[in-house]
Amino acid sequence: MYDDPIAAAFGDLAADLFTTDPDLVAGFAHDESRLTERALPAGVLSPRSTHDVADMARRAHAHGVPLVARGAGSGLSGAANAPAGSVVLRTHRLAAILEVDAAERLAVVQPGVVTADLRAVAREAGLFYPPDPGSVAISTVGGNVATDAGGMCCVKYGVTGDYVLGLEVVLADGTVVRTGRRTAKGVAGYDLTSLFVGSEGTLGIITEITVRLLPAPAAAAQTLVATFPDLASAGRVVAAIAASGTAVSMLEIMDRVTLRAVDARTGMGFDPDTAAMVLAQADDQAAATTVAALALLCADGGATDVATSEDPDEAELLLEARRQALPALEALGDWLLDDVCVPRTRIVDLLEGVEAIAAAASLTIGVFGHAGDGNMHPTVIYDQSDPASRAAASRAFDAITRLALDLGGTITGEHGVGRLKTSWLAHELDPAALALQRRIKDALDPTGILNPGAVLAAD
């Protein structure tokens, strides 16, 4: 009946489930990444239920149609980019919070739920869903699970995967499988839940997520902001805070380039000679004591200025500089955001190395990130219209990624490999580990239809 596999697979679906309208399809070709491969998808699927997803996967599997699951499209590594001839499966209609169980401290949600909405519903129940990525207002829980997203509170509360108790997943052939549990403990069988967390849509399509919730913090957060005249001083203070075991719930850092960009955007009045700013919070009963101890560490470590606050509105104002980091750097030109993680004792080495890379490439590179766990976001500013500038940005990006590995770090802390860093995976993993990952992929997706080209480079 149909000559091409996509029409054969999906041609009989209702218009609200499948479209090939190029004006609509064009909006789902890629995520927010830069310098990543993408193409115009052949169509877009919009399932209403797990049953729909399973049916669509079976059809794709039978006809060999590449299938790319997509949440909000806020990713930064190209994991939601459409390869040529693929069909994008949107999860925006799977957006229900199915259950909040206050007694068991858990919630059951569909993948299209916006992360901020889950946090708000948990808060209404007197509970707390800690994962707080920078895109919390727009990113979805499914996308967060697919990349094992982090955020500013990781230093105390961990990343998304630390809160995933169980999943419902549609496999490549349409089989629906449930993993994990609802209980506080459980170790029956292999940990399949963790296998799917961070798999970026390459092993299955997540259709339901059971997440662990915490009691809401008992005290208002106390906030500290400290500025430093040089990177070394800021780095030593970060290392001292980490070594002290102080119970901070947030520990962030921004370099001179980022601060100047934020000041240009917001008019906050930062001293242009400030080399780095450290921001910290504590949110437990001893928060005031903790922040006072942090203030002493900063002062002893050479801070130019230290400010603290227990007022929530004032704290939000202090943290606004950090929230504005990426938007401020974006205003400087085209941007390429890196995501690397190094040991906390090597953060200064990374920052100083990035300064040297920027100077050598004659590029502006701003760095901000999660000092509490060593997860940094060097952001390369370049001119997309200039081939030489694009090439320089790509070289600088690679140099930063190599630097992170040389410092004992990893190529990605929270954004995922996607399509941006597939060539780098072999630099981090040993051959046996890489081969094992390929065997897992082949076992769960034998025809290779799920997000081909993401995470694992083609052989």
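Predicted, not measured: the structure shown is a model, and the values here were computed from it. (Residues numbered from 1 in each chain as written. Predicted model: local features only at pLDDT ≥ 70, side-chain atom pairs only at ≥ 80, totals over all residues. Heavy atoms only, no water.)

Trainee: Help me get a handle on the packing of helix α8 (residues 231–244) against helix α13 (residues 347–361), residues and values and all.
Mentor: Between α8 and α13, the shortest axis-to-axis distance is 8 Å and the interhelical angle comes to 155 degrees. With respect to α13, the element α8 is oriented roughly antiparallel. In the packing of α8 onto α13, the handedness of the crossing is right-handed. Mapping the contact onto sequence places Leu231, Ala232, Gly235, Arg236 and Val238 in α8 and Ile347, Val348, Leu351, Glu352 and Glu355 in α13. Per-class residue counts for the contact of α8 with α13 are six nonpolar, one polar and three charged. (Axes fitted to C-alpha atoms, helices over the stretch in contact; angles between N-to-C directions. Helix = DSSP H or I, 4+ residues; strand = E, 2+ residues; numbered from the N terminus. Parallel < 35°, antiparallel > 145°, perpendicular 65-115°, else oblique. Left-handed = near helix turned anticlockwise from the far one by under 90°. Contact = heavy atoms within 4.5 Å. Nonpolar A, V, L, I, M, F, W, Y, C, P; charged D, E, K, R; others polar.)

Trainee: Just give me the short version of the packing of α13 against helix α14 (residues 387–406), but keep the residues and values in it.
Mentor: Remark: α13 packs on α14, axes separated minimally by 10 Å, with the N-to-C direction vectors making an angle of 155 degrees. When the interaxial angle is binned, α13 and α14 end up roughly antiparallel. Helix-helix and strand crossings are classified by hand; for α13 and α14 the assignment is right-handed. In contact with Asp349, Leu350, Gly353, Val354, Ile357 and Ala361 of α13, α14 contributes Ala392, Ala396, Ala399, Ile400 and Leu403.

Trainee: Tell me about a negative patch on the surface, and please be specific about residues and values.
Mentor: The grouping of Glu310, Asp311, Asp313 and Glu314 at the surface amounts to a negative patch. You can see Glu310 is positioned in the loop between β15 (305–309) and α11 (312–323). For Glu310, a relative accessible area of 55% puts it in the exposed group. (Patch = residues over 30% accessible without salt bridge, like charges linked within 9 Å, V, L, I, M, F, W, Y side chains within 5 Å. Areas by Shrake-Rupley, 256 points an atom, 1.4 Å probe, with all protein chains shown as cover. Salt bridge = Lys/Arg side-chain N within 4 Å of Asp/Glu carboxyl O. Lys, Arg positive; Asp, Glu negative; His and termini not counted. Charge placed at Lys NZ, Arg CZ, Asp CG, Glu CD. Buried < 20%, exposed > 50% of the residue type's maximum accessible area, 1.4 Å probe, protein only.)

Trainee: Break down the side chain of Thr207 for me, citing the residues and quoting the values.
Mentor: Relative to the elements of secondary structure, Thr207 occurs in strand β10 (residues 205–212). One polar contact links Thr207 to Glu168, side chain to side chain, over a distance of 2.7 Å. (Polar contact = N/O pair within 3.5 Å; in protein donor to acceptor, adjacent residues only side chain to side chain.)

Trainee: Outline the UniProt feature "domain: FAD-binding PCMH-type" (unreviewed entry) in the chain, supporting the account with residue identities and numerical values.
Mentor: The feature "domain: FAD-binding PCMH-type" (unreviewed entry), as given by UniProt, occupies residues 37–216 in the numbering adopted here. Along residues 37–216 one finds 22% helix and 24% strand; the C-alpha atoms at either end are 42 Å apart. (UniProt positions renumbered as here; feature names shortened; annotations may be inferred.)

Trainee: With reference to specific residues and values, describe the sheet that holds β10.
Mentor: Here we have five strands laid out as an open sheet, ordered β5-β6-β10-β8-β9, and antiparallel in their pairing. The open sheet terminates on both sides in strands that have one partner only, identified here as β5 (97–101) and β9 (176–180). Neighbour-to-neighbour, the strand axes of the sheet open up by a mean angle of 10 degrees, direction not taken into account. As defined by bridge partners, β5 adjoins strand β6 (residues 106–109) across four bridges and the pair is classed as antiparallel. Along β6, the bridge assignment pairs Val100 with Ala107. Sitting on the sheet, helix α3 (residues 50–63) touches β8 (164–170), β9 and β10, and the angle it makes with β8 is about 50 degrees. The sheet strands contacting helix α4 (residues 115–124) are β5, β6 and β10, and the helix crosses β5 at an angle near 35 degrees. (Pairing = 2+ DSSP bridges.)

Trainee: Describe the domain arrangement of the chain, and please don't skip the residues or the numbers.
Mentor: Looking at the chain, the domain boundaries give domain 1 (1–216) and domain 2 (222–407). Taken over C-alpha atoms, the centre of domain 1 sits 30 Å from the centre of domain 2. Across the contact, 11 residues belong to domain 1 and 19 residues belong to domain 2. The contact between domain 1 and domain 2 buries some 1,300 Å² in all, and 64% of this surface belongs to carbon and sulfur atoms. For the salt bridge of Lys156 with Asp283, the shortest nitrogen-to-oxygen distance reads 2.7 Å. Grouping the amino acids of the side of domain 1 that touches domain 2 by side-chain chemistry returns seven nonpolar, one polar and three charged. (Domains from an automatic or database assignment. Buried area = accessible area lost by both parts, 1.4 Å probe.)

Trainee: Account for the side chain of Arg119, naming residues and giving values.
Mentor: Tracing the sequence through the fold places Arg119 in helix α4. It is Asp132 that comes nearest to the buried, bridge-free Arg119 among opposite-charge side chains, at 4.1 Å. With sequence-adjacent residues up to four places away left out, Arg119 is seen in contact with Phe128, Tyr129, Pro130, Pro131, Asp132 and Val136.

Trainee: Which residues make up helix α10 (residues 287–300), and what values do they have?
Mentor: When the terminal C-alpha atoms of α10 are compared, their 20 Å separation across 14 residues agrees well with the 20 Å that a helix rising 1.5 Å per residue should span. Contact partners of the buried residues in α10: β12 (222–228), α8, β14 (276–282) and β15. Two residues or fewer after α10 comes Gly302, characterised by a positive phi angle close to 95 degrees. (Expected span 1.5 Å × (residues − 1).)

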